[in-house]
Amino acid sequence: MELIQNTADLSAYLAADEVIDHHHPVVRETAARLAAGVEDSYAYARAAYEFVRDGIPHSEDSGDLRVTWRASDVLEQRTGICYAKAHALAALLRAEDIPAALCYQRLADDEGRGHVVHGLIAVRFHGAWHRQDPRGNKPGVDAQFSLDGERLAWVPDPRSNEMDYPVLYAEPHPVVLGVLKAAPDRPYLWKTLPTAL
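Our subject in this report is the structure included herewith. Quick caveat, the model's predicted, so the values are computed rather than measured.

**Let's talk about the nonpolar core**
One recurring pattern in soluble globular proteins: nonpolar side chains tend to sit buried together. Ranked by size, the top nonpolar core spans 53 residues in total, and within it Tyr83, Leu92 and Leu93 carry the most contacts. Only helix 1 (25-36), helix 2 (41-55), helix 4 (71-77), helix 5 (82-95), strand 2 (100-108), strand 3 (115-125) and helix 6 (174-182) provide two or more residues apiece to this core. If one sorts the elements of this core by residue count, helix 5 sits on top with eleven residues. Residue contacts for Leu93: discarding those within four places in its chain leaves Tyr44, Ala45, Ala48, Ile98, Ala100, Ile121 and Val123. Counting residues in hydrophobic clusters, the runner-up holds eleven residues, among them Leu3, Tyr13, Leu120 and Leu152.

Right, here's the structure in full:
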């Protein structure tokens, strides 16, 4: 699949905004701590990925009812669903001048009754985008940081009307951000998750 930037301006994938707030002290401190133990930007990207994947529990897996969406809140509260964790990872990457994009998949939901949009990121190295999924591993999910072929949590099955969306967004998709901001808690969010973009 060819990944398509939603803007040709690469600097948009380094920008800070209200969601990917990499200027926030919590993001800067976390980035500095991760950067101190690595030798180059590739190792930093892997360390940031593994920190978000393993160090911030997916709120469904942990049973946390809080809804986070701003990167600094995800890092501070140590919880979030896939979209929120993608925002946190994008902020950590951008804090170290590594271009990061938000991207999405349409997957069958856990109950098999419909579909849900899943969030992940893409990081730019070697002049190309490489998708990464910081959702968090669990039985049946083994996502890994990789620049040599994707190691995502899920591979969409077209026979089940699942799909990869090819667009790389510099900012969260408005539908995704809207449901996150409107949700008072995770049970409410689960009822309003987008089924398509």
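**Re helix 1**
Between its first and last C-alpha, helix 1 extends 16 Å over twelve residues, near the 16 Å set by a 1.5 Å rise per residue. Along helix 1, the positions that sit buried rather than exposed are Val26, Val27, Thr30, Ala31 and Leu34. When helix 1 is viewed along its axis, its buried side chains cluster within an angular range of 125 degrees and face the same direction. Opposite its buried face, helix 1 presents the exposed residues Glu29 and Ala36, each directed more than 90 degrees away. Those residues of helix 1 hidden inside the fold are in contact with helix 2, helix 4 and helix 5.

**Describing unusual backbone geometry**
In the Ramachandran plot, Arg78 falls in the positive-phi region, its phi being about 55 degrees despite a non-glycine side chain. Note on placement: Arg78 falls in the loop between helix 4 and helix 5.

**Digging into the pairing of strand 2**
Remember that side chains alternate between the two faces of the sheet whenever the strand is regular. Within strand 2, eight of the nine residues are buried, which leaves it mostly tucked inside the rest of the structure. Sheet topology places strand 2 next to strand 5 (residues 163-164); two bridges connect them, and they run antiparallel. By the bridge assignment for strand 5, Arg106 is matched with Met163.

**Notes on the packing of aromatic side chains**
All told, the structure shown has five aromatic pairs when counted by the stated rule. Residues Tyr49 and Phe145 carry aromatic rings whose centres are separated by 5.7 Å and whose planes lie at 50 degrees to one another, so their mutual orientation is tilted. Of the two residues, Tyr49 sits in helix 2 while Phe145 sits in the loop between strand 4 (128-132) and strand 5, which places them 96 residues apart along the sequence. The burial state of Tyr49 is the same as that of Phe145; both residues are buried. Members of the aromatic cluster, each reached through a chain of ring pairs, are Tyr83, Tyr104 and Tyr169. For the cation-ring pair, Lys181 lies above Trp69, with the distance from its terminal atom to the ring centre recorded as 4.9 Å. One Lys or Arg, Arg186, reaches over the ring of Trp190 and ends 5.5 Å from the middle of that ring.

Cut-offs used in this document
- Sequence order sets the numbering: in each chain, residues are counted from 1 along the sequence as written.
- In keeping with the model being predicted, local features are shown solely for residues with a pLDDT of at least 70 and side-chain atom pairs are shown and tallied solely at 80 or more, while totals for entire chains, interfaces and linings include all residues.
- The basis for every side-chain value is the complete set of non-hydrogen atoms in the structure, without hydrogens or water.
- To form a nonpolar core, buried Ala, Val, Leu, Ile, Met, Phe, Trp, Tyr and Cys residues must be joined to one another through side-chain atoms within 4.5 Å.
- Exposed residues in this analysis have more than 50% of their type's maximum accessible area, buried residues have under 20%, and partly exposed residues fall in between, with area computed by a 1.4 Å probe over protein chains only.
- Secondary structure elements follow DSSP: runs of H or I no shorter than four residues count as helices, runs of E no shorter than two count as strands, and numbering proceeds from the N terminus.
- When checking whether two residues touch, look at their non-hydrogen atoms; a contact exists if any pair is within 4.5 Å.
- Expected helix span is computed as 1.5 Å times (number of residues minus one).
- Of all possible arcs, the one meant is that of the directions from the helix axis to the C-beta atoms.
- Paired strands, as defined in this entry, are two strands with at least two bridges between them according to DSSP.
- Geometry of aromatic contacts follows a simple scheme: Phe, Tyr and Trp rings, the Trp one being its six-membered ring, pair when their centres are within 6.5 Å, and the pair is stacked under 30 degrees between planes, edge-to-face over 60, tilted otherwise.
- A ring is considered to have a charge above it if a Lys NZ or an Arg CZ atom is located within 6 Å of its centre and within 35 degrees of its normal.

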